[in-house]
Amino acid sequence: MIVFKNRYISGIQLIAISAAFVLPTATRAAVLEEIIVTAQKRAESLQDVPISVTALGGEKMQQVGIKKIEDLQQFVPNLQMTETGISTQVYIRGIGTGNSQGFEQSVGQYIDGVYYGRQQLIRAPFLDLERVEVLRGPQSILFGKNSIAGALNMTSAKPTDDLQGYIQLNYEPEFSTREALFAISGPLTDTLQGRFAVRSYDTDGYVDNTFLDDDEPARDDLAIRGTLRWEPNDNLDVTLKLERDTFDVDGRQIEIVQDDPAPLGAPIPANYGTILGLLGHPGAIAETSLNFKRQAGGFGVKEFSDNELDNATLTINYNLGKNTLTSVTGIVGYEFLELCDCDYVAAPVFSVVLDEEYDQFSQEIRLASPGGESVDWVVGAFYQTSELEFKDDILIPNNSILGLLSGGALAPIVGTDVSRDFSADSDLWAVFGQFTWNFRDDMRLTFGARYTSEEKDGKREINILQTATGQPVNPLLGAPTLYEFLFAIQNQQRSGHKISSSRDESSFTPLINLQWDVSENLMAYVSYTTGFKSGGYDPRANNVASFEFEEEEASSFEIGFKSTLLDGAAELNVAFYQTDYEDLQISQFDGSFGFNVNNAAEVTIRGVEMDGRYAVTENLSLRYAVAYLDHEFDQYRGGNCYNRQVRDGDIGPSGNQLCDYTGKSGQYTPELTASFSANYNRPLTEALNLAVALDLNYTDEQNVHGSLDPQYEIDAYTLINLRIAVETENWELAVLGRNLSDEEVLTYVDNVPLSPSTFGTNTFYAFTLPPRTLSFQAAYRF
């Protein structure tokens, strides 16, 4: 029996609950198609993989409008993703990465075997994918690099032996969203095949910025990929992929959703909107309803984020006798420039310019046995080197309202710039192996291990500059002192802020897994593994005491089964898990202009995940997934306090007392998430077919506030999507409705910077999901 917060669920009860998804047994002609995945670095049936995995095919994602990871979360329980003011976060089973450009992602993203670990890469759109696999739990052996919560394993569509391709056009009229997808694939010579894919996307956005009289976030994407595959003989195939993506965004999907006044006794005991009006900017916060309207851009300039991403991947497979030698060489580089109106109001307070450039080279070599022998194995080595340059500038313009406060006492900071310069270089190598001993016809024992060694160098410097000249401010003029004493920004002009350090760390992460084929249609497994996420350096802290953070570790136990029912017409897969995390890396907003990072928490997560498919008839198929999550901080006395919280925790790096969250659940930890899909097809004529797809995606109540303010424990919601299409062998016309119940969903909430610390108000901004949309699709496949 397993206990989840006083909820008792036995294995028998769970199977009984699961059986509700499957109709009474009967002889049926319909049989499910097999799903092939590469979650263990070799192609195998999803039903044979002893891991909790969800896989979605590329065609399904195109049909239902999954354009990026943020859309994917609606179809995969226990996966959450959101943008914040300065970062992007992905969570699996309630474990993810906070607001720091120094963090690696706890959920590793891999595209064609190449690691995409930076936050900004998660915002990149999907292009011509064959499938996406979501692997839950630590994936430290075969994927390695920091995948301590799970992994997203993405596979691009490959060149084909015969000529084929598609053109798809999508149009959503309300927000003027236009998308065009094109791919063509086929033979170029007897031994060479090619594939070319392109995606163009633009939208006006679904939030009305009433101050600038414009819609946001306006997005403009262009992705181009070319792939060549050379097969000179039966023993060698070489695949080269070149890709370039640009995705530019103007504006944000942000609203002010609450504005409580400063308490009596404050200099101005009013709400933030009133204070801004008294300072000459009435209407800077016109309303606080969640209605897809905002007021922002007090400088008269719209926020933007311009991104460029390049990738080259060379994959070589060579047959050495019965074994296969695989080489994966990856080059990933991106740069982005972003202007954040990070006061989030229509008044000139401050803005932030972020500029980041990243270059990565990786090389993996694997040797794998053919499979089906007494011992199946894969061994390999991995090397990666990367360089990160990050710069942000907090700009206080000449007309900033900060210059009017305290009788003009803050006037010296007007026209200045808090300039942070950060760099981090990394060199990593690893060796790994996984061995499966088939000691009986019906039982297999797998041992795996990975040894990783990484060296990192980090530098950070904070200067106070004159915005007009870019030169350091004279310390005697007062601005450096005001920044340090009023906003806790230690700087080079006042007390010094120029730090550099080097670190060298290693990890050994083992795995053991036992599989038992209970019958021809039922496989049970039990596994134990560990995870590791490397330490590093914090680019956005304002005090010199918060620079280096340590590694994060996990140990995970999982037991589950995968079954095929009704003569191949249905599947039922269940996994129970418990994972313990130590020294969890935490990023904490300091209330004004920065974040502090430390290893403040220990967490235990436990839960159960169930998924399956059912081919009811030849015309009707169902797909379902349910996940229960119990997330609890075993020790977290260094949590960031929400505004006006009674402080009861430890003393933090900046000298302030923090808050105790021990025994509580974290951000993005809904107890229950579920998805259900029904696909119905029937012929209308000999040449014309009707296809209907219904998707329901449920998320339980959860806290979406960056500091766990209980006011933002949002209610449970269900997103309903419906697609109706008529199709021939080559053509398809469809209507797609998303969020048909028009749910208003907050995805991230936090306090407006400076509102609590400088003005004393309790003012909140929030990111939101899009409202109900109706789009039209036309596709031609050949």
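Whatever comes next refers back to the structure up there.
Residues numbered from 1 in each chain as written. Predicted model: local features only at pLDDT ≥ 70, side-chain atom pairs only at ≥ 80, totals over all residues. Heavy atoms only, no water.

**Digging into empty space enclosed by the protein**
In total, this model carries 15 cavities of 30 Å³ or more according to the counting rule given. Put simply, the largest cavity is a space of about 880 Å³. What lines the largest cavity is a set of 46 residues, and nearest its centre among them are Lys68, Asp71, Tyr201, Tyr206 and Pro770. Partitioning the lining of the largest cavity into residue classes produces 14 nonpolar, 17 polar and 15 charged. (1 Å grid on protein atoms, 1.4 Å probe; cavity = no way out; pocket = protein on both sides within 12 Å on 5 of 7 lines; lining within 4 Å. Points joined across faces, edges and corners; volume = space filled by probe spheres on them. Nonpolar A, V, L, I, M, F, W, Y, C, P; charged D, E, K, R; others polar.)

**As for a nonpolar patch on the surface**
A surface patch of nonpolar side chains, about 670 Å² in accessible area, is lined by Ile331, Phe361, Tyr383, Trp429, Val431, Tyr451 and Phe508. Here Tyr451 lies in strand 27 (residues 443–466). By relative accessible area, which is 33% here, Tyr451 ends up partly exposed. (Patch = residues over 30% accessible without salt bridge, like charges linked within 9 Å, V, L, I, M, F, W, Y side chains within 5 Å. Areas by Shrake-Rupley, 256 points an atom, 1.4 Å probe, with all protein chains shown as cover. Salt bridge = Lys/Arg side-chain N within 4 Å of Asp/Glu carboxyl O. Helix = DSSP H or I, 4+ residues; strand = E, 2+ residues; numbered from the N terminus. Buried < 20%, exposed > 50% of the residue type's maximum accessible area, 1.4 Å probe, protein only.)

**Quick word on the state of the cysteines**
Using the criterion set out here, one finds two disulfides in the structure. Disulfide pairing is shown between Cys340 and Cys342; the S-S distance is 1.9 Å. Negative torsions about the S-S bond denote left-handed disulfides, and the value of about 115° found for Cys340 with Cys342 makes this one right-handed. Among the residues examined, Cys342 registers a relative accessible area of 5% and is labelled buried. Here Cys641 engages in a disulfide with Cys659; their sulfurs sit 2.0 Å apart. Across the S-S bond of Cys641 and Cys659 the torsion is about 110°, and the bridge reads as right-handed. With Cys641 in the loop between strand 35 (620–635) and strand 36 (672–683) and Cys659 in the loop between strand 35 and strand 36, this pair connects stretches of sequence that are 18 residues apart. Taking relative accessible area as the criterion, Cys659 reaches 0% and is therefore assigned buried. Sequence-ordered numbering of the bonded cysteines in the protein chain gives a pairing of 1-2, 3-4. (Disulfide = S-S within 2.5 Å.)

**Quick word on the packing of aromatic side chains**
Across all of its chains, the model carries 21 aromatic pairs by this definition. Considering the side-chain rings of Phe175 and Tyr206, the 6.3 Å spacing of their centres and the 65° angle between planes classify their relative orientation as edge-to-face. Placement of Phe175 in the loop between strand 13 (164–172) and strand 14 (177–187) and of Tyr206 in the loop between strand 15 (192–203) and strand 16 (207–209) is noted, with a sequence separation of 31 residues between them. An identical accessibility class is assigned to Phe175 and Tyr206; each is buried. Ring geometry for Tyr344 versus Tyr765: centroids 4.1 Å apart, planes at 35°, classification tilted. Here Tyr344 is found in the loop between strand 23 (323–340) and strand 24 (351–368), whereas its partner Tyr765 is found in strand 43 (residues 762–768), with 421 residues between them in sequence. Across the pair, Tyr765 and Tyr344 agree in class, each one buried. (Phe/Tyr/Trp six-rings, centres within 6.5 Å; stacked < 30°, edge-to-face > 60°.)

**Things to note about the pattern of salt bridges**
Applying the stated criterion to the full structure yields 44 salt bridges. The closest approach of N and O atoms between Lys241 and Asp112, which form a salt bridge, is 2.7 Å. Placement of Lys241 in strand 19 (residues 236–250) and of Asp112 in the loop between strand 9 (107–111) and strand 10 (114–116) is noted, with a sequence separation of 129 residues between them. What makes Lys241 buried here is its relative accessible area of 4%.

**What to know about a negative patch on the surface**
A cluster of like negative charges, contributed by Glu335, Asp355, Glu357, Asp359, Glu387, Glu389, Asp425, Asp427, Glu455, Asp457 and Asp504, occupies part of the molecular surface. Mapped onto the negative patch, the elements with two or more residues apiece are strand 24, strand 25 (375–396), strand 26 (416–440) and strand 27. Among the elements that line the negative patch, the one with the most residues is strand 24, at three residues. By the element assignment, Glu357 lies in strand 24. A relative accessible area of 40% means that Glu357 is categorised as partly exposed. (Lys, Arg positive; Asp, Glu negative; His and termini not counted. Charge placed at Lys NZ, Arg CZ, Asp CG, Glu CD.)

**Concerning the pairing of strand 33 (residues 570–589)**
Counting buried residues in strand 33 gives 16 out of 20 residues, a clear majority hidden from the surface. Sheet topology note: the strand 32 (residues 552–565)/strand 33 ladder contains 13 bridges and is antiparallel. Bridging from a neighbouring strand, Gly560 pairs with Ala575 of strand 33. As consecutive antiparallel partners, strand 32 and strand 33 are separated by four residues, and within that stretch Leu566 has a phi angle of approximately 55°, a positive value. The pairing of strand 33 with strand 34 (residues 595–615) spans 16 bridges and is classified as antiparallel. The partner of Gln578 across the bridge, within strand 34, is Arg606. (Pairing = 2+ DSSP bridges.)

**Quick notes on the pairing of strand 12 (residues 150–156)**
Of all the seven residues making up strand 12, seven are buried; the element is thus mostly covered by neighbouring parts of the structure. With burial as the criterion, each face of strand 12 is covered, one bearing Gly150, Leu152, Met154 and Ser156 and the other bearing Ala151, Asn153 and Thr155. Relative to strand 12, strand 9 is paired through five bridges, and the arrangement is parallel. What sits directly across from Gln109, in strand 12, is Leu152.

**Examining the sheet that holds strand 21 (residues 293–294)**
Sheet architecture is open: three strands sit in the order 17-16-21, paired in mixed fashion. Looking at the sheet topology across the chains shown, the edges are occupied by strand 17 (214–216) and strand 21. As defined by bridge partners, strand 16 adjoins strand 21 across two bridges and the pair is classed as parallel. Within strand 21, the residue paired with Asn209 across the bridge is Arg294.

**A look at the layout of surface pockets**
Size it by volume and the largest pocket reaches roughly 1400 Å³. It is helix 2 (residues 58–64) that contributes the most residues to the lining of the largest pocket, five residues altogether. Looking at the lining of the largest pocket residue by residue, the class counts come to 17 nonpolar, 12 polar and 14 charged. Around the second largest pocket, the lining comprises 32 residues; the ones closest to its centre are Thr38, Lys158, Thr315, Asn317 and Arg366. Grouping the constituent residues of the lining of the second largest pocket by class yields eight nonpolar, 13 polar and 11 charged.

**Observations regarding the sheet that holds strand 42 (residues 746–751)**
Spatially, three strands are ordered 20-43-42 in an open sheet, and the strand pairing comes out antiparallel. Of all strands in the sheet, those with a lone pairing partner are strand 20 (254–260) and strand 42, marking the two edges. For this sheet the average axis-to-axis angle between neighbouring strands, irrespective of direction, equals 25°. For strand 20 and strand 43, the ladder comprises six bridges, and the chain directions are antiparallel. (Axes fitted to C-alpha atoms, helices over the stretch in contact; angles between N-to-C directions.)

**A closer look at the environment of Gln73**
You can see Gln73 is positioned in the loop between helix 3 (69–72) and strand 6 (79–83). Sequence-wise, Gln73 and Tyr91 are 18 residues apart; in three dimensions their C-alpha atoms are separated by 9.6 Å. Those residues within four positions of Gln73 in sequence are excluded, and the remaining contacts are Leu79, Gln80 and Met81. Here the side chain of Gln73 touches Met81 through a polar contact of 2.8 Å, landing on its backbone nitrogen. (Contact = heavy atoms within 4.5 Å. Polar contact = N/O pair within 3.5 Å; in protein donor to acceptor, adjacent residues only side chain to side chain.)

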